[in-house]
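# Fold and geometry: a report
Spelled out from the first residue to the last, the chains are:
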Amino acid sequence: MEQKNYYGVLDSAETQMEKEHRKLAREAAAEGFVLLKNGNGALPLQNREIALYGMGARKTVKGGLGSGSVEERYSVNIEEGLENAGFTVTTKRWLDDYDAEYERTYREYREMVEEKVAGMTDAWKIIPLAHSYVYRFPSGRLITEQDVQESRTDTAVYVLMRQAGEGNDRKLEEGDYYLTQTERENLRMVSQSYAHTILIVNVGGPMDLGILDELPGIDAVVLFAQGGMEGGNALADVLSGRVNFSGKLTDTLPLSYEDIPFGEEFSYLNGDLENENYKEGIYVGYRYYDSFDKKVRFPFGFGLSYTTFAMETERAVLEGTKVTVLVSVRNTGAQYAGREVVQCYVSAPNGRLEREYQSLAAFAKTGELAPGESQQIELSFDLRDLAGYEEADASWILEQGEYIVRIGDSSRSTKAAAVIELEETATVRRCRSCCAPQEPVEELRRRAVSEGKAWETERPDGREAACRAENGSDCETAEVAEAAETGWNSASDKKDKVVRLYLDPSAISAEIVSYELPEQEESEAEKALLDSLTENEMASLLRGGNIQAQGEGIHMVLGAAGSTAKNLTAKGIGNAVFSDGPAGLNVTNRVCRGEDGVEKAMEVPERYRWGVLAKMPVATEADGTVVYRYASAWPVELLLAQSWNTELLRRIGEATAQEMTLFGVTLWLAPGMNIHRNPLGGRTFEYYSEDPLLSGRMAAALTQGVQKTPGCGVTVKHFCCNNTEDNRDHISSNVSERALREIYLKGFEIAVRESQPRALMSSYNLLNHVYTANRGDLLNDILRCEWGYQGIVMTDWSSTGEGKADPAKCPGAGNDLVMPGTPYDTQRMEEALADGTLGMTEVRRCALRILRLLREAGV
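Notes on the structure follow.

## Notes on the overall build of the protein chain
Within the protein chain one finds 21 helices and 33 strands. Against the 2.2 N^0.38 benchmark of 29 Å for 859 residues, the protein chain shows a C-alpha radius of gyration of 27 Å, consistent with a compact globule. Summarising its shape, the C-alpha atoms of the protein chain cover approximately 75 × 75 × 55 Å along the three principal directions. Out of the 859 residues belonging to the protein chain, those deemed buried represent 62%.

Next up, the structure:
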């Protein structure tokens, strides 16, 4: 007799797989934490008694709100982590008082939201409305002299915490981006009362840290981000010195919000939630700060360690257009082993195109090096990948001049390792204009190209040059001018000691892109199956299945976000299940499964327990077999990227695929990889970086890890320019074609070319006034014709509808699957089939891609 698959385990005890994944989550979190400051011998901790304060001490945020939520078995907060490591927390009275304040304010919050959803019965309307009201955690009471005296220690740890999530951008106000007055006073009290003060930043994105300028008594600062289910234990590992810090920033931390280009116009701040104008152009993150000589608080790629390292370039070689740099890294400390990240940047010449001062070209992380130990790291990149996009000719070009290769440990601490000379401008790829704005986007510029004026800023707060000295110090005028004009920085670059390499322009042959969609030859079995379907049955494959439908032949994983069509089992077509991400699999952790395969929840998760949903009946053990599905809550993608370790991401992908196989999930709706354009973006935590190369490499590694397991796939999202959450269904991201291609599409391109994800998700927003799910030039021309993508494209959930993207236009645009699939989607597609505005050629093409996904999944 065939053994029944319950898609989970039948024993409530923690499994060996869970234990192994906890170890991996702990390792990943510790490797991603960034040590931003460490003075006065604050770290590693010497005192085993700790005064612990702050809203994140017990209410530690493991991950953001929304689709990235995970129902793990348990998570370890910072207090628990310290105590598990043998530390004694001596401020229980303050923490207990905080808990009481939290319980009161959270109860008031829930009562307010319940009033808002009273009388509603539609879950798809109740949940978004409830989640639109964001709970703001209290700061806690003021710390007193009595608290300090009772703590009986000279060491304090203060945990700043903020929560954010899907559907809402963060607010430029106290209690969110800025500290509250209570937090400021408490930090002042702590830094003046204790010999050692350590600040932990438990936030899923940058926040204002101007308090560091006011309070030099804050000795150490750790960017915790959101550490997943083992975050508390992992933090104790690094604070104690059991594990050394090796994380590096994936975003520049500015001195103030006002330093962010056009930050005052982001999202709701300018009063226009229908248009988001990307006026900064290509100058995003360090590309802006480094190019405009802006001082920053902490630069891109920065992170301290308990030890120190020295880097020396051994050699640089050019073969064709491939550049290889060999770097020797030595641990120069005397006490601690550690790991270093070698970062390679390239400064491209300015010509017809105005280029950023430098951009990341390659990176690699060493193994753990003992004091005095060395390792050689080889970095490689193709110079073609650093081409700039010229809109006038719709071409990627490498311009004549010098390409300066830099090696260092942050964008502000590099030395020239080689210079590559190209005698004449060469075209790398000839495309055609795609997704161009309907009207030109006013963009930040450093010079008036048409007049040949070098390095003039057209923005009053911009500096005149692109120079960068180590540690962000100002450059002399002559050095500034030289760096701006030539890319050389005389403060750190020694021209006479840098190897010169010469690139033969004939080595660069232009790729000519064909915009004819690749033919999809149907096998005999595929043709027979598609021919057996009516037009409406075939079109139904292009819509998600009813998420609540259960029964004979239907595969159900309760709590999963969606599924392919469930109405074609009689034709031999099963359904595949999709689980939300990207912090882990988002499924119900305890269900009761009947003999007929129907599942019922044994508890409604709190985030869904609103209005009538809170009164829904739940199952008991008498209703069938209890199945346990405890997924791993990994550190958020921001924190994973701070590891700068692609192999670590592959391992997490492999571990997630184990859980997918056990739970019966085909597609994980991850990784998310939109660019960190502004720190107020509500979903910054679930994206990787402000840099497209780092984002692309991390996403590709995670994808490779998941898809190593047959039947498991990822869904790279949100394609593209989904950089705001407020009014995300109706806002248009207006961006120049060049900035779009060089910044916002580049990471997706890397992920597609290096890992071929099974699926990709279009975004809610409009791109230059056309919904992404309806843009054939995005989903067919760029994604499939230029990049060679072979998988399916699905919409984000409920992004189609009246006043939104048109589901009937999705197939022709290359968006294969409309999710989660609503009666409106069905009606529109059937109407379009009937009146001929939707052709069966497009429907059949999309249906074939979906069938192939199902075949790969074994359903």
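## Here's the deal with the sheet that holds strand S5 (residues 196-202)
Think of a sheet as strands paired side by side through backbone hydrogen bonds, with each pair either parallel or antiparallel. Taken in spatial order, the 6 strands line up as S1-S6-S5-S4-S2-S3 in an open sheet, and their pairing is mixed. Either end of the sheet is taken by a strand with one partner, and the two such strands are strand S1 (34-38) and strand S3 (88-89). Note: strand S2 (residues 49-53) against S3, 2 bridges, orientation parallel. When the sheet's bridge partners are listed, Glu49 is paired in S3 with Thr88.

## What about unusual backbone geometry?
Cis geometry is adopted by the peptide bond preceding Pro582, which originates at Gly581 and carries an omega value of 15°. Secondary-structure assignment places Pro582 in the loop between strand S23 (577-580) and strand S24 (590-593). Omega for the bond connecting Ala670 with Pro671 falls within 30 degrees of zero, at 0°, which places this linkage in the cis form. Within the secondary structure layout, Pro671 lies in the loop between strand S27 (667-669) and helix H15 (692-707). One non-glycine residue, Phe262, adopts positive backbone phi at about 60°.

## Topic: the nonpolar core
By size, the foremost hydrophobic cluster in this structure holds 165 residues, and its most contacted members are Phe33, Leu43, Ile200 and Phe719. Element by element, the count of residues in this core is highest for helix H3 (residues 92-117), at 8 residues. By size, the runner-up hydrophobic cluster in this structure holds 41 residues, among which are Val329, Ala348, Ala364 and Leu369.

## Overview of the packing of helix H1 (residues 16-32) against helix H8 (residues 231-240)
Where H1 contacts H8, the axes come no closer than 8 Å and their chain directions differ by 50°. Considering their axes alone, H1 and H8 lie oblique with respect to each other. The way H1 lies across H8 gives a crossing that is right-handed. For the pair H1 and H8, the contacting residues are Arg26, Ala29 and Ala30 in the first and Asn233, Ala234, Asp237 and Val238 in the second. A breakdown of the residues in the contact of H1 with H8 according to their chemical character gives 4 nonpolar, 1 polar and 2 charged.

## Topic: the packing of aromatic side chains
If you walk through the whole model with that rule in mind, you get 29 aromatic pairs. Aromatic side chains Tyr177 and Tyr178 sit 5.3 Å apart centroid to centroid with 85° between the ring planes, which places their arrangement in the edge-to-face category. Of the residues examined, Tyr178 reaches a relative accessible area of 22% and is grouped as partly exposed. Members of the aromatic cluster, connected to one another through ring pairs, are Tyr102, Tyr106, Tyr109, Tyr135, Phe137 and Trp610.

## A closer look at the sheet that holds strand S18 (residues 413-422)
Pairing is mixed across the open sheet formed by 5 strands, whose spatial order is S13-S12-S17-S18-S20. In this open sheet, the two edge strands, each paired with only one partner strand, are strand S13 (359-365) and strand S20 (499-503). Put simply, the sheet's adjacent strands are angled 25° from each other on average, direction ignored. As judged from the 5 bridges shared by S18 and S20, these two strands associate in the parallel manner. Its bridge partner lying in S20, Ala418 is registered against Val499.

## Thoughts on helix H17 (residues 746-755)
Because each turn of an α-helix spans 3.6 residues, side chains separated by three or four positions end up pointing in the same direction. With 8 of 10 residues buried, H17 lies mostly within the body of the structure. For H17, the complete set of buried residues consists of Lys746, Gly747, Phe748, Glu749, Ile750, Ala751, Val752 and Ser755. Just downstream of H17 lies Gln756, where phi reads positive at about 45°.

## Brief notes about the state of the cysteines
The final tally for this structure, using the stated rule, is 0 disulfides. With no disulfide of its own, Cys785 lies closest to Cys434 among cysteine sulfurs, the gap being 8.7 Å.

## Considerations on the side chain of Ser733
Structurally, Ser733 can be placed in strand S29 (residues 732-734). In this structure Ser733 comes out as buried when scored by relative accessible area, which is 2%. Here Tyr278 takes part through its side chain, which lies 3.2 Å from a polar atom of the side chain of Ser733. Sequence-distant contacts of Ser733, that is, excluding residues within four places in its chain, are made with Glu276, Tyr278, Cys721, Asn765, Leu766, Leu767 and Asn768.

## A short note on the packing of H3 against helix H4 (residues 123-131)
Where H3 contacts H4, the axes come no closer than 10 Å and their chain directions differ by 140°. The orientation of H3 with respect to H4, classified from their angle, is oblique. For the pair H3 and H4, the sense of crossing is right-handed. Within the contact between the two elements, H3 uses Tyr109, Val113, Lys116 and Val117 and H4 uses Ile126, Leu129 and Ala130. Here the contact of H3 with H4 is built from residues that sort into 6 nonpolar, no polar and 1 charged.

What counts, and where the lines are drawn
- Residues numbered from 1 in each chain as written.
- Predicted model: local features only at pLDDT ≥ 70, side-chain atom pairs only at ≥ 80, totals over all residues.
- Heavy atoms only, no water.
- Helix = DSSP H or I, 4+ residues; strand = E, 2+ residues; numbered from the N terminus.
- Rg over C-alpha atoms; globule rule 2.2 N^0.38 Å.
- Buried < 20%, exposed > 50% of the residue type's maximum accessible area, 1.4 Å probe, protein only.
- Pairing = 2+ DSSP bridges.
- Core = buried A, V, L, I, M, F, W, Y, C linked by side-chain atoms within 4.5 Å.
- Axes fitted to C-alpha atoms, helices over the stretch in contact; angles between N-to-C directions.
- Parallel < 35°, antiparallel > 145°, perpendicular 65-115°, else oblique.
- Left-handed = near helix turned anticlockwise from the far one by under 90°.
- Contact = heavy atoms within 4.5 Å.
- Nonpolar A, V, L, I, M, F, W, Y, C, P; charged D, E, K, R; others polar.
- Phe/Tyr/Trp six-rings, centres within 6.5 Å; stacked < 30°, edge-to-face > 60°.
- Disulfide = S-S within 2.5 Å.
- Polar contact = N/O pair within 3.5 Å; in protein donor to acceptor, adjacent residues only side chain to side chain.

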